[in-house]
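Geometric and topological summary
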Amino acid sequence: MKIIIHRGQNQIGGSIIEIATDTTRILFDIGIELDDEKNRVRPNIEGLFDIKGFDAVFVSHYHSDHLGLAYEINKQIPLYMGEASYKIIHASDIYKGSRTLNVAGYLKHKTPILVGDITVNPFLCDHSAFDSYMLLAESQGERILYTGDFRSNGRKPFDWLLGQLPTNVDTLISEGTTLSRVDFVSESEKELEERVVEAIKNVSGPIFVLQSSMNIDRIVTMYRAAKRSDRIFLEDLYMSEITTAIGGSIPNPSVKGFDDVRCFLTTGYKMEHFRYQLFDKYQAKKISKTQISKSSFVMCIRSSMFRYIKLLSEKMSFTDGLLIYSFWSGYRKQSEMTSFLEECGQLGLKIITMHTSGHADKETLIRLIEWIKPKAIVPVHTENAEWFSEVFGKEIKIIR
Ligand SMILES: [Zn+2]
Ligand SMILES: [Zn+2]
């Protein structure tokens, strides 16, 4: 099989990886670049937009740097992604009122999909996106394993994943996101939960959490911390739609969902507006600003919600209130985020950072590579591919 990294090799984001035989062409991931400016230009890949030149596209997870371009590709090319991933993306698209994706089929753990003469086998892994997969391509006895984005510090045991994965593959296409971060070690999601519980236990004011509505593991962490602190958990309509789309054990305010999870709306819509209709279905789980102001809560927020938070501050005391920043530190430097945090600080909220990475640290990458024992490694999704050469260059062929 041929491997062509169209994009996302020596950079983080915009991943597009082609695996091809003489008769079959598939893609692993179809991302946009994290830099908006660059995204105005479509990558020049033959057979992706105008004609159906690929037999299938497999999306490892729903982060836009792996999925974003899926909306633009030729509609004849079958698209595969995880079922829960699709539900999340679908809920998000409906909320935004934007067009959504058509999928040809769902990725399921260890359930192979045959496309031409390539078999693709997905392996469920842990990442800051829910329902993420590593992807194994097999053809005529040759095996290529693509890690997608992954980590060992989530709630899924990493040993379990290692036990599921194939070993002695021909080529490992591995992410290396954290390799450019100095002395980086990932804290586990469980440890983070303990730290949050500790940080909020003596807080008497309101608690806000600034985090991604699509980081389901983090929602679970913050929900658990809220529950252990006898606070209700508040999700805005957007987050509610996402958690409700997955349902089950994920904290959500649907009618049959969690009693202590409630849904709030930051904008007053007319009754006929589609978002009002979405909100209205939460029935007794809906909560108003006035009710919130009389409750003890942990509220999930976004940086676009300042107006609402300010209005809430007029209804209740923000004395001894807390804002937990739970994103990657890089986003803090963006101007919208900087001014949002500044304004929240002016309302009297103390701002603290509580976050852990969605990506494998060095120790995790070493464990994976030593376990898999690939004959060759292609580093991707990294700004430090050199690390693979330094650590494994003597025993394993590193293709850069
Ligand atoms: Zn990524
Ligand atoms: Zn990702």
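The paragraphs below set out a description of the structure included in this document. (Residues numbered from 1 in each chain as written. Chains lettered and ligands numbered in written order. Predicted model: local features only at pLDDT ≥ 70, side-chain atom pairs only at ≥ 80, totals over all residues. Heavy atoms only, no water.)

1. What to know about empty space enclosed by the protein
Put simply, the rule reads: Here a cavity denotes grid points, spaced 1 Å and computed from the protein atoms alone, that fit a 1.4 Å probe unable to get out, and a pocket denotes an open set having protein on both sides within 12 Å along at least 5 of 7 lines; residues with an atom within 4 Å of a point are the lining. Grid points are joined across faces, edges and corners, and a volume is the space filled by probe spheres set on the points. Numbered from the N terminus, helices here are DSSP runs of H or I no shorter than four residues, and strands are runs of E no shorter than two. Residues are sorted three ways: Asp, Glu, Lys and Arg are charged, Ala, Val, Leu, Ile, Met, Phe, Trp, Tyr, Cys and Pro are nonpolar, and all the rest, Gly among them, are polar.
All chains considered together, the criterion is met by one cavity of 30 Å³ or more. Space inside the largest cavity adds up to approximately 40 Å³. Considering each element in turn, the lining of the largest cavity owes the most residues, three residues, to helix α3 (residues 158–164). Considering only residue class, the lining of the largest cavity consists of six nonpolar, no polar and three charged.

2. Topic: the sheet that holds strand β6 (residues 105–107)
To keep it simple, the criterion reads: At least two bridges found by DSSP between two strands are what make those strands a pair. Working convention: axes come from line fits to C-alpha atoms, limited for helices to the stretch in contact. Angles between N-to-C directions cover 0 to 180 degrees.
On the basis of which strands lie adjacent, the open sheet formed by six strands has the order β1-β2-β3-β4-β5-β6 and mixed pairing. Two strands bound the open sheet, and with one partner strand each, they are β1 (2–7) and β6. Looking at each pair of strands side by side, their axes are set apart by 25 degrees on average, direction ignored. Summarising the sheet, strand β3 (residues 25–30) and strand β4 (residues 56–58) pair through three bridges and their orientation is parallel. When the bridges of β4 are listed, leucine 27 appears paired with valine 57.

3. Considerations on the state of the cysteines
This is how the line gets drawn: Note on terminology: disulfide denotes any pair of cysteine sulfur atoms within 2.5 Å.
If you walk through the whole model with that rule in mind, you get zero disulfides. Of all cysteine sulfurs, the one in cysteine 300 lies closest to cysteine 263, which takes part in no disulfide; the gap is 11 Å.

4. Remarks on the coordination of the zinc ion (ligand 2)
Heads up, the condition is: Any nitrogen, oxygen or sulfur atom within 2.8 Å of a metal ion counts as a donor, with the limit raised to 3.2 Å for Na, K and Ca, and since water is left out, coordination shells can look unfinished. Four donors are marked tetrahedral only if all angles between them lie between 85 and 135 degrees, whereas four are marked square planar and six octahedral if opposite donors are more than 155 degrees apart and the other angles lie between 65 and 115; the remainder are marked irregular. Note on exposure labels: buried denotes an accessible area under 20% of the residue type's maximum, exposed denotes more than 50%, and partly exposed covers the range between, all computed with a 1.4 Å probe on protein chains only.
Within the first shell, the zinc ion (ligand 2) binds the protein through His61 (NE2), His63 (ND1), His127 (NE2) and Asp149 (OD), at distances of 2.2 to 2.4 Å. Given four donor atoms and angles of 89 to 166 degrees at the metal, the environment of the zinc ion (ligand 2) is assigned as irregular. All donors to the zinc ion (ligand 2) come from one chain, and their sequence spacing reads H-x1-H-x63-H-x21-D. Between the zinc ion (ligand 2) and the zinc ion (ligand 1), a separation of 3.4 Å is found, and both are coordinated by aspartate 149. Separated by 22 residues along the polypeptide, histidine 127 in the loop between β8 (118–125) and β9 (132–139) and aspartate 149 in the loop between β10 (142–146) and α3 bring together distant segments of the chain. The exposure classification of histidine 127 matches that of aspartate 149, with both residues buried.

5. With respect to the packing of helix α2 (residues 83–96) against helix α6 (residues 237–246)
Just so we agree on the cut-off: For classification purposes, angles smaller than 35 degrees are called roughly parallel, those larger than 145 roughly antiparallel, those between 65 and 115 roughly perpendicular, and all remaining angles oblique. Helix crossings fall into two classes, left-handed where the near helix is turned counterclockwise from the far one by less than a right angle and right-handed where it is turned clockwise. When checking whether two residues touch, look at their non-hydrogen atoms; a contact exists if any pair is within 4.5 Å.
Close contact between α2 and α6 brings their axes to 8 Å; oriented N to C, the two are set at 150 degrees. Here α2 is positioned roughly antiparallel relative to α6, judged by the angle of their axes. Helix-helix and strand crossings are classified by hand; for α2 and α6 the assignment is right-handed. Side by side, α2 and α6 meet where Ala84, Lys87, Ile88, Ala91, Ser92, Tyr95 and Lys96 of the first sit next to Leu237, Tyr238, Glu241, Ile242, Ala245 and Ile246 of the second. Looking at the contact of α2 with α6, its residues break down into nine nonpolar, one polar and three charged.

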